[in-house]
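# Results of the structural survey
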Amino acid sequence: MTSAEGTESGLSAEGGTATAGALTLGAAVRQPRRPTIWTTIRRQRLALTGALIVTFFAVVAVVGPMFAPHGPTEQFPQHRLESPSRAYPFGTDEFGRDILSRLLYGARISFEVGAIAVGIAGSLGILLGMIAGYRRGWLDNVLSLLMDIVYAFPAILLAIAIITMLGNSLANVMIAIAIVYTPTFMRVVRGATLSVRNMAFVEAAVSLGASTPRILVRHIFPNITAPLIVHASLNFAFAVLAEASLAFLGLGNKPPAPSWGSMVSSSYGFLQLAPWAAIFPGVAIALTVLGFNLLGDGLRDALDPRLRS
Amino acid sequence: MATFVLRRLALLIPVLLGVSIVVFGLIRAVPGDPVSIMIGVDQRYTPEQIEAIRRSYGLDQPLPVQYVKWMSHVVQGDLGRSLRTRRTITEELGLRLPVTIELAVLAGLIGTIPAVTAGVIAAVKRNSWLDYGATIATLIGVSVPNFLLATLLVLIFSYWLRWLPPIGFAKLTEDPVQNLRTMILPAVSLSMPLAAILMRNTRSAVLEVLSQDHVRVARAKGLPASTVLTRHVLKNASIPIITVGGIQIATLLGGTVIIETIFGLPGIGRYIYEAIANRDYPVVQGVVLVISTMFVLISVAVDILYAVMDPRLRHR
């Protein structure tokens, strides 16, 4: 992926040229102080925007329900499909439910699914990836083949198949998304582990008699976190998108629950009468995904310039 | 070259076998077994009768035996029957695949040609407003879910402007004009992620080649800018573009489930959606197997194309 390029171009010109200058002149003239993560992020306006969007929605996910004017399933039958007004800032849906309130409650679902799915996929991917990359040999071959097989399914389709078989519930949606995205984590971790495992400090740890788990946890893992953090952020975007798509298809939360994806699909039938009922939740999804994408791209630049390929 | 192709095809075998085992395993993971699902809550069957049905389907045999039997049918093109309509899945796929393929081809065309053009322009005019515009378009493209884009397109072009139907389908062979009118919005919705990712990758691939020495040499020789761009830059930049494009076109297949459902197109995406709604497990199994196989075959085709274009890869 070359998203780093995309982010870079959106920067102020000074940010871009400063980096280029450091690359060509730095070695000959004076080694410039390595910028910290935070200075780099601040320099990158798009990444900062991403971080702000993510923070905003994360805060909404935590405290949003406290500020919701109405309950997520509270119905006002005399106010069906009303356009945005002072009483209902984002309008109401076909049952007369306040869309703003539903959005505020729905943020929690998106973040819960994202965090848990990325958490499971990340843990599994780290474990399998480090083992495969460090041990090599047949174990690596078997694990890589397994991941290739999972990878051979279009993501959304495999998730659908898993949910159909396990049963339609939000927990199974999380499991399905986690399974689908585990191979990508494993690939990232395996690749990073491969590039670290032959370094002198690992050799030193081995010759000092450190056990394999200790080497993996204390020596390899701290050195592969950069690509992992980037991947986790981008994957959060995928997970939010996947949850919304599955909810749109009716998989995951059951109807009255305010999942953003199912809000879009249930108001689709009233699109002509009440476009806001579909547009507001749709925009919420797109903004959250955009935030994580921007943040992931920015972190990629900040944490490891070598990742720009 | 022939050895490369053969080796690549040989690598396909374990993956395809694995895919088939997963698909076979998925239906076994359903709580209860296929027969009880087929019969449902019908109380008329005695346990002995259920056992007889189970035996007649070979479900009393060990799993590996069942798998081999199932695979031998699949290889002969027999994917079983729908629990609901009792029609064979292969027959149904024959009717529905052309719709999905047309949709994917249209989305592929819409997604690649403008995206590659825009990516090249963005790279050549780096840091211009065109470049920034392309970057922003890319970010929106990867962040807007395809069902939202579909919703907005229907709202604008079907309800407000009334140019195109919001739903419906006409056969390409019977009414090509109406067919295109019903296909254009789904194809555009489906092509969005492909276009966004392809544009981003084209831009960076072209930028990378532009900075290389051979391009400077070509310019120094006094070649016109257009020749440098087509002969020296695009030719070299095309390899990563094709790889990414290939992967994304394969990914389109997954998106058809949502898009065909929204627009009521009778393709395999909607087929699987309906099968899920009706808990029609053999159909889910069959369609997942077919789409995944297509997905794997496309990625292998891309790999081979890659090697045709870049001789260095053949000897790895």
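Up top is the structure.
The model shown is predicted, which means the values in this text are computed figures rather than measured ones.

This paragraph deals with the interface of chain B and chain A. In this assembly, 52 residues from chain B lie in contact with 47 residues from chain A. Buried area between chain B and chain A, summed over both chains or domains, comes out near 4200 Å², and the portion from carbon and sulfur atoms is 76%. It is Ser143, Phe147 and Arg200 of chain B in chain B that bury the most area against chain A; as a group they hold 14% of the surface buried on that side. Our enumeration of links across chain B and chain A arrives at one salt bridge. A salt bridge links arginine 200 of chain B to aspartate 297 of chain A, with the shortest nitrogen-to-oxygen separation between them at 3.1 Å. Summed over the shared surface of chain B and chain A, the number is three residue pairs in polar contact (both at pLDDT 80 or more).

It is worth spelling out the environment of leucine 194 of chain A at this point. Residue and element names in this part refer to chain A. Tracing the backbone shows leucine 194 in helix α8 (residues 170-197). Each C-alpha atom, one on leucine 194 and one on methionine 130, is 8.5 Å from the other, the two residues being 64 residues apart in sequence. Residues within four places of leucine 194 in sequence aside, it is in contact with Gly133 and Arg136.

Turning our eyes to something else, we now look at the environment of tryptophan 70 of chain B. Residues and elements named next belong to chain B. Looking at the element boundaries, tryptophan 70 is found in helix α4 (residues 63-75). Each C-alpha atom of the pair tryptophan 70 and leucine 106 lies 34 Å from the other, and the pair is 36 residues apart in sequence. If near-sequence neighbours (up to four positions away) are discounted, tryptophan 70 is found in contact with Ser20, Val23, Phe24, Gln285 and Leu289.

Time to look at the side chain of threonine 92 of chain A. All names here are of chain A. Counting through the fold element by element, threonine 92 comes out in the loop between α4 (45-67) and α5 (99-135). Classification of threonine 92 as buried rests on a relative accessible area of 0%. With sequence-adjacent residues up to four places away left out, threonine 92 is seen in contact with His79, Arg80, Leu81, Glu82, Arg97, Ile99, Trp276 and Ala277.

What counts and how
Residues numbered from 1 in each chain as written. Chains lettered and ligands numbered in written order. Predicted model: local features only at pLDDT ≥ 70, side-chain atom pairs only at ≥ 80, totals over all residues. Heavy atoms only, no water. Contact = heavy atoms within 4.5 Å. Buried area = accessible area lost by both parts, 1.4 Å probe. Salt bridge = Lys/Arg side-chain N within 4 Å of Asp/Glu carboxyl O. Polar contact = N/O pair within 3.5 Å; in protein donor to acceptor, adjacent residues only side chain to side chain. Helix = DSSP H or I, 4+ residues; strand = E, 2+ residues; numbered from the N terminus. Buried < 20%, exposed > 50% of the residue type's maximum accessible area, 1.4 Å probe, protein only.

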